[in-house]
Amino acid sequence: MLPKGKSPIFTMTRCRTKPEKRLLVTGATGFIGSHLAGALAEAGHSVFLLIRALNAEGTTAYDRWNRIADWLGLSPAARARIKVFVGNLDDPDLNLSLDDARFLKANTEEIVHAAGSTSFSEKKRNEIFQTNLIGLKNILSFVDRGICRRIHAISTAYVGEGTQTPCRECIFPAHGFFNPYEESKHQAEILLREFCNRNGLRLSIYRPSVVYGNSLTGRTFRFNALYHPVRSIAYLRDLFKKDLLENGGKQARKMGISLDSTTQTLHMPIRFQKRQGTGVNLIPIDYCTDAILELMNVPEKDLIFHIVNTQNTPLTDLVSFAGRFLKVSGMGVDGVSAQRAQQDPTPGALDHLFLRYMEAYQPYIEDTRIFDDSRAARTLSPAGIRCPKFSYAIFEKCMTYAVESNWGRTLGL
Ligand SMILES: NC(=O)c1ccc[n+]([C@@H]2O[C@H](COP(=O)([O-])OP(=O)(O)OC[C@H]3O[C@@H](n4cnc5c(N)ncnc54)[C@H](OP(=O)(O)O)[C@@H]3O)[C@@H](O)[C@H]2O)c1
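Just so it is clear, the model here is predicted, and its values are computed rather than measured.

Draft legend 1. Region of interest: the overall build of the chain. Scanning the chain for helices and strands turns up 15 helices and 14 strands. In terms of overall dimensions, the chain is globule-like: its C-alpha atoms have a radius of gyration of 22 Å, near the 22 Å expected for 413 residues. With respect to the three principal axes, the spread of C-alpha positions in the chain is 70 × 50 × 40 Å. Per-residue burial over the chain gives 52% buried out of 413 residues. Residue pairs at least 24 apart in sequence account for 80% of intrachain contacts in the chain once pairs closer than 6 positions are excluded.

Draft legend 2. Spotlight on the pairing of strand 1 (residues 22-26). Across the 5 residues that make up strand 1, a large majority, 4, are buried. In the sheet, strand 1 pairs with strand 2 (residues 46-51) via 5 bridges, with the strands oriented parallel. Across the sheet, R22 pairs through a bridge with S46, a residue of strand 2. What joins strand 1 to strand 2 is helix 1 (residues 31-42), and the crossover it makes is right-handed. Pairing of strand 1 with strand 4 (residues 110-113), which is carried by 4 bridges, proceeds in the parallel orientation. Among the inter-strand pairings, T26 is bridged to a residue of strand 4, identified as H113.

Analysis parameters
Residue numbers here run from 1 along each chain, matching the order of that chain's written sequence. With pLDDT at 70 or above as the cut-off, local features in this predicted model cover only qualifying residues; side-chain atom pairs require 80 or more to be listed or tallied, and sums for whole chains, interfaces and linings still use all residues. For side-chain calculations, the full set of non-hydrogen atoms in the structure is used, while hydrogens and water are omitted. Helical segments are the DSSP runs of H or I of at least four residues, strand segments are the runs of E of at least two, and each set is numbered from the N terminus. Computation of the radius of gyration draws on C-alpha atoms, with the globule rule given as 2.2 Å multiplied by the number of residues to the power 0.38. Between buried and exposed lies partly exposed: a residue is buried under 20% and exposed over 50% of the maximum accessible area for its type, with that area taken using a 1.4 Å probe on protein chains only. The contact rule is simple, with two residues in contact once any of their heavy atoms fall within 4.5 Å. Strand pairing requires that DSSP identify at least two bridges connecting the strands. Handedness is read with the strands pointing away from the viewer; a crossover is right-handed when the path from the first strand over the helix to the second is clockwise.

This is the structure in structure tokens:
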């Protein structure tokens, strides 16, 4: 039985019976890693988790995992198949106790590496490379001394090069990256391939695009990417509504903002400027989890799989979904030509304000990359695992969960 008010996180009908494996999962307190760890245990595998001793709030590895297992609604049988190990990727020996290190080396048959830094910030370049590259080196050298013969690594579809569309399921030469995150993930793929080739290990690299909550329930515990602009608009809406209702509305009126008192719709004319771009490639966590679990059974070695949506969601749809959900009118997308943008590069004060919140994501609004997923589809289509088209119904479910959980603050994770 799931705890009251919780919904099943996994579509267990899709889990086929395979021989039980013993797997080490990194990043299990993270969004993707937690779902993978839970789904692997539900599918009957023994799962070892490498979790840092304490988080910033001082919560222990065991408590953090237990809270996540509750949130996931894991069955008692699955919980019993999971064992937490306290460790840190920053340390060459993973900071494991001697006994734990001995146990993991002797028992880990496969590794699922889902730990990583997902920051895009240039200011955090060192930290990003420390986790995504040095952390990876540390886990690989640990693996080298044990019985592990296979590595499953979570990369990103955005290692692909924009000019080479569609981006194929192969390793790309280095190119101009949008941020240190993409660059570090690209270098991590090269390191993984060299290491696995040299040591005769089987390697599968999974490249999800942008992952959002569960498409059936709207549940998530990460509120970045898709959620970030919606949250920023909601914040500005509340700020200007307050200004209009409680402080005379001088600031709001200066920016062309007004409130329809009958419908309570705020007119907030934010323009998203876009010179190019194919829309945003969005996949739900349920598809991401089901797809990776299925692809983990593909026997060949050295494979790369795109876990993507065959249809990008146009920016105009996202802006209209956000307006409808948040009761904000006047937002729109300007298809500004490069020439016009050069003549008039200064957006209005409101656009500037919004751009401040959106800086890290702006390159993705104009992203031209589309992804070829023919290798992944060869396995996923016959298994009936398909990515849903991103609709308003899904958007509404996800954002309702986000608002009801106060953007994660009330989840207690
Ligand atoms: N989310 C997406 O939309 C998306 C899309 C494409 C690819 N990816 C890739 O998928 C992977 C997981 O992403 P996510 O969204 O699940 O990220 P996340 O929620 O931020 O989780 C990151 C995980 O990595 C762990 N970690 C970080 N540094 C560590 C260290 N030094 N030692 C041990 N554990 C460490 C974190 O542990 P703590 O809890 O202790 O911090 C956390 O469990 C990343 O490699 C990312 O590049 C994500």
